[in-house]
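# Structural features, examined
Chain residues, written in single-letter form:
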Amino acid sequence: MGANSSSISELPENEYLKKLSGAEPISENDPFWNQLLSFSFTTPTNSADLKLLEEATISVCKSLVEKNPRTGNLGSLIKVFLSRTKELKISAECQNHLFIWQAHNALFIICCLLKVFISRMSEEELKLHFTYEEKAPGSYGTECEDLIEELLCCLIQLIVEIPLFLPYTSRLVKTLLYNFIRQERSPPPGTHVFQQQTDGGGLLYGIASGVATGLWTVFTLGGVGSKPPPQLEQCSPLANQSLLLLLVLANLTDAPDTPNPYRQAIMSFKNTQGFTAYSSSNPHAFQINFNSLYTALCEQQKCDQATLLLYMLLHQNTNVRTYVLARTDIENLVLPILEILYHVEERNSHHVYMALIILLILTEDDGFNRSIHEVILKNINWYAERVLTEISLGSLLILVVIRTIQYNMTRTRDKYLHTNCLAALANMSAQFRSLHQYAAQRIISYTCRHLRRYVYVLDKLYFPHSHCSTLQHCFSTLSDNGEELLSLTCSHILRSYAASLFSLLSKKHNKVLEQATQSLRGSLGSNDSPLPDYAQDLNVIEEVIRMMLEIINSCLTNSLHHNPNLVYALLYKRDLFEQFRTHPSFQDIMQNIDLVISFFSSRLEQAGAELSVERVLEIIKQGAVALPKDRLRKFPELKFKYVEEEQPEEFFIPYVWSLVYNSAVALYWNPHDIQLFTMDSG
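## Looking at the overall build of the protein
- Secondary structure summary: the protein contains 32 helices and six strands in total.
- Counting across all 682 residues of the protein, residues that qualify as buried make up 53%.
- The contacts of the protein with a sequence gap of at least 6 include a subset with a gap of at least 24, amounting to 73%.
- Entry remark: accessible area of the protein is about 31,700 Å², with carbon and sulfur atoms responsible for 50%.

What follows is the structure, given as structure tokens:
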């Protein structure tokens, strides 16, 4: 580097870089720095170019790693940069672009060097390179200075440059959030970074935006990056880097006596348009435009990091959660979340978890559960199982969540996932309103699928040699979406086994199942055959059935007259439900369901045979008004609340850094050096 333009191929032999990494100490007042920093070099804009740069300068970096503890040249370079930044405001006012240019170049070199330092040494070794000693010839005295804090404060000042009454942490969080909100595109190739500010914007905005990658990399002193997916390359690099930095800072672990200040700032900021007075008593409080933030969150949900930010705000900031739940256009936020769950096959598991937990948090609010059934949607093009020309947001949410449960049960078998899916449905169940016929059908058919599966498992457990080919064939021909079973109902098998099985279970249900499982495990050790899936899944199937029956019961108890389609679907499958009325695990919750089936079946019989669908629905609507509500047994309200795990950092810290690795713009890290997470976790 130096006064002339430099290319990547010339860097290994560059005389200035060799001197920087050599054995001779260089004072921060040496004219050498003006020569080193007066270069014209196209800053890499993607991870491929950055990889070439790293490979070309690796010999220089290795030499500096070896000799810097004796020369302190890295510290001198940092001090030169710090001295330049102190004059940046005056330089901008005087239009001294040369001075700003050198500050930019200094930060670029620091960024590249620190990245190599971080990947090649421990944290303690890294600190030694920041704590240097200046030794005059013939002197044995030492003068130690820690540069880390001064460098970080300087970088924050470069980023924020907003009114000084806010502490640094709040200023930084606010600036990063606004970078995400604005989604400003990068200038076209060839545009000069340091244009004169004529619009009244911050004087340091040019340099801050021009070196965004360097700022956040140096500031975090660590991280991983790789080539971003195509959709991220089309977004704002500044917004993307700002969001990743915000997530990294917010997920730093708390100090022994001090909570994470960045997380405190995220938890406490308020709306600029709110009616509550702004209070400065909270040192982390600040205000931001919630409407702009909401719009950005709605538009950016295709990427993991935006979904993670939405989760953090809903879970940790009550002001944001209250605002979101009060929006009259909640579909703009919920639909992108549902798309994430619908395309579960294409998403990583962490992204799906975050989307699902967001729904669970939203469904904790009864107002949300009511309002989503009042929002009518037209032509949901991404839903492929059936053409949905008109459906409520609530019914669509039910369809997508049930589809997610079914995908999980047949593919991933993640208990955490299906538990949270069922919890979200349970929270909504008391406010089900005017369910779409397809949504009602899916609730009942999905329950029936597991009822049949349950009987099949019991048949295998208690009659392992019966080889019930009819029932087995029925299950082997189930469609993936579980929409309809074949006309092969296997009801004769149910009647053959159900009475004896359920009688046995009612006497000593848990012990029988335990003995059966132990027996199977014993046979496993004798012939090395794997434990059958149906034996492993038995408790899971029973848990799903129980919860689905409680969801149906909750709807029938609280909003029977609002959901004729659900009653219709229940009557259509009544033969199967009737077999489970005496089951010891379900008989309490089956009382209301059995009562509804009996009541409406009687009214349909009185109306005669060959009834049209329209006539059946009419009878159901009339019967819903006539059914005495006091005959339905009252159960505790189904309500589930999301609670973070005791050590959430074990999940979130690796997840955040995997996002940095996969999504950071113009950062390359050797995948073989990654230790915090597995390469397939992102």
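## A few points about the nonpolar core
- If you look at the biggest cluster of nonpolar residues, it comprises 192 residues, and the most contacted ones within it are Phe-81, Leu-308, Tyr-311, Tyr-383, Leu-396 and Phe-577.
- Sequence-distant contacts of Leu-396, defined by excluding residues within four places in its chain, comprise Leu-335, Leu-338, Leu-377, Ile-380, Trp-382, Tyr-383, Leu-388 and Ile-391.

## Concerning unusual backbone geometry
- We note that Gln-183 has phi near 50°; this positive angle belongs to a residue other than glycine.
- Within the secondary structure, Gln-183 is located in the loop between α10 (168-182) and α11 (205-210).
- With a relative accessible area of 17%, Gln-183 lands in the buried category.
- Located in the positive-phi region is Asn-379, a residue other than glycine, with phi close to 50°.
- Within the element layout of this structure, Asn-379 appears in the loop between β5 (376-378) and β6 (390-392).

## What about the environment of Ala-106?
- Structurally, Ala-106 is set in helix α7 (residues 97-120).
- Judged by relative accessible area, Ala-106 falls into the buried class, the value being 0%.
- Sequence separation between Ala-106 and Phe-81 is 25 residues; the distance between their C-alpha atoms is 5.8 Å.
- If near-sequence neighbours (up to four positions away) are discounted, Ala-106 is found in contact with Leu-37, Leu-77 and Phe-81.

## Some words on the packing of aromatic side chains
- As enumerated under the stated definition, the model contains 19 aromatic pairs in all.
- A ring pair is formed by Tyr-294 and Tyr-323, whose centres lie 6.4 Å apart and whose planes are at 75°; its orientation type is edge-to-face. Linking Tyr-294 in helix α16 (residues 290-299) with Tyr-323 in helix α18 (residues 318-326), this pair joins segments that are 29 residues apart in sequence. As far as burial versus exposure is concerned, Tyr-294 and Tyr-323 are alike and both buried.
- For the ring pair Phe-651 and Phe-652, a centre distance of 4.9 Å and an interplane angle of 90° mean the geometry is edge-to-face.
- Here Phe-651 falls in the partly exposed class, since its relative accessible area comes to 24%.
- Since its relative accessible area comes to 7%, Phe-652 is described here as buried.
- Following the ring pairs from residue to residue traces out a cluster consisting of Tyr-311, Tyr-353, Tyr-416, Tyr-642, Phe-651, Phe-652 and Tyr-655.
- Sitting over the ring of Tyr-342, Arg-403 keeps its end group 4.1 Å from the ring centre.

## Notes on the side chain of Gln-305
- Following the sequence through the fold, Gln-305 ends up in helix α17 (residues 304-316).
- Owing to a relative accessible area of 1%, Gln-305 belongs among the buried residues under this scheme.
- Among the polar contacts made by the side chain of Gln-305, one reaches the side chain of Asn-240 at a distance of 2.7 Å.

## A short note on the side chain of Thr-447
- Checked against the element boundaries, Thr-447 lands in helix α24 (residues 437-462).
- When its relative accessible area of 1% is taken as the criterion, Thr-447 is described as buried.
- In this view, Thr-447 contacts Met-548, Leu-549, Ile-552 and Phe-577; residues no more than four positions away in its chain are not counted.

## A look at the packing of α17 against helix α20 (residues 349-362)
- Running from amino to carboxyl end, α17 crosses α20 at an angle of 30°, the nearest separation of the two axes being 9 Å. Relative to α20, the element α17 is oriented roughly parallel. In terms of crossing hand, the pair formed by α17 and α20 is left-handed. Mapping the contact onto sequence places Asp-304, Thr-307, Leu-308, Leu-310, Tyr-311, Leu-314 and His-315 in α17 and His-351, Met-354, Ala-355, Ile-357, Ile-358, Ile-361 and Leu-362 in α20.
- Taken together, the residues of the contact of α17 with α20 sort by class into ten nonpolar, three polar and one charged.

## Focus: the state of the cysteines
- Counted under the stated rule, the structure contains zero disulfides.
- Not part of a disulfide, Cys-61 finds its nearest cysteine sulfur in Cys-112, a span of 7.6 Å.

## Some details on helix α14 (residues 237-250)
- With 14 residues, α14 extends 20 Å from end C-alpha to end C-alpha; this agrees with the ideal 20 Å at 1.5 Å per step.
- Burial analysis of α14 places 13 of its 14 residues in the buried class, which makes it a mostly covered element.

## Describing the environment of Ser-21
- Among the secondary structure elements, Ser-21 is positioned in the loop between α1 (15-20) and α2 (32-36).
- Along the chain, Ser-21 and Lys-62 lie 41 residues apart, while their C-alpha atoms are 8.4 Å from each other.
- For Ser-21, the contacting residues outside a window of four places in its chain are Val-60, Ser-63, Leu-64 and Lys-67.

## Regarding the packing of α20 against helix α32 (residues 649-663)
- Close contact between α20 and α32 brings their axes to 11 Å; oriented N to C, the two are set at 120°. The pairing of α20 with α32 is recorded here as oblique in orientation. As for how α20 packs across α32, the hand of that crossing is left-handed. Counting all contacts with α20, which are made through His-350, His-351, Tyr-353 and Met-354, the residues of α32 involved are Phe-651, Phe-652 and Tyr-655.
- Residue composition of the contact of α20 with α32, grouped by class: five nonpolar, two polar and no charged.

Analysis parameters
- Residues numbered from 1 in each chain as written.
- Predicted model: local features only at pLDDT ≥ 70, side-chain atom pairs only at ≥ 80, totals over all residues.
- Heavy atoms only, no water.
- Helix = DSSP H or I, 4+ residues; strand = E, 2+ residues; numbered from the N terminus.
- Buried < 20%, exposed > 50% of the residue type's maximum accessible area, 1.4 Å probe, protein only.
- Contact = heavy atoms within 4.5 Å.
- Areas by Shrake-Rupley, 256 points an atom, 1.4 Å probe, with all protein chains shown as cover.
- Core = buried A, V, L, I, M, F, W, Y, C linked by side-chain atoms within 4.5 Å.
- Phe/Tyr/Trp six-rings, centres within 6.5 Å; stacked < 30°, edge-to-face > 60°.
- Lys NZ or Arg CZ within 6 Å of the ring centre and 35° of its normal.
- Polar contact = N/O pair within 3.5 Å; in protein donor to acceptor, adjacent residues only side chain to side chain.
- Axes fitted to C-alpha atoms, helices over the stretch in contact; angles between N-to-C directions.
- Parallel < 35°, antiparallel > 145°, perpendicular 65-115°, else oblique.
- Left-handed = near helix turned anticlockwise from the far one by under 90°.
- Nonpolar A, V, L, I, M, F, W, Y, C, P; charged D, E, K, R; others polar.
- Disulfide = S-S within 2.5 Å.
- Expected span 1.5 Å × (residues − 1).

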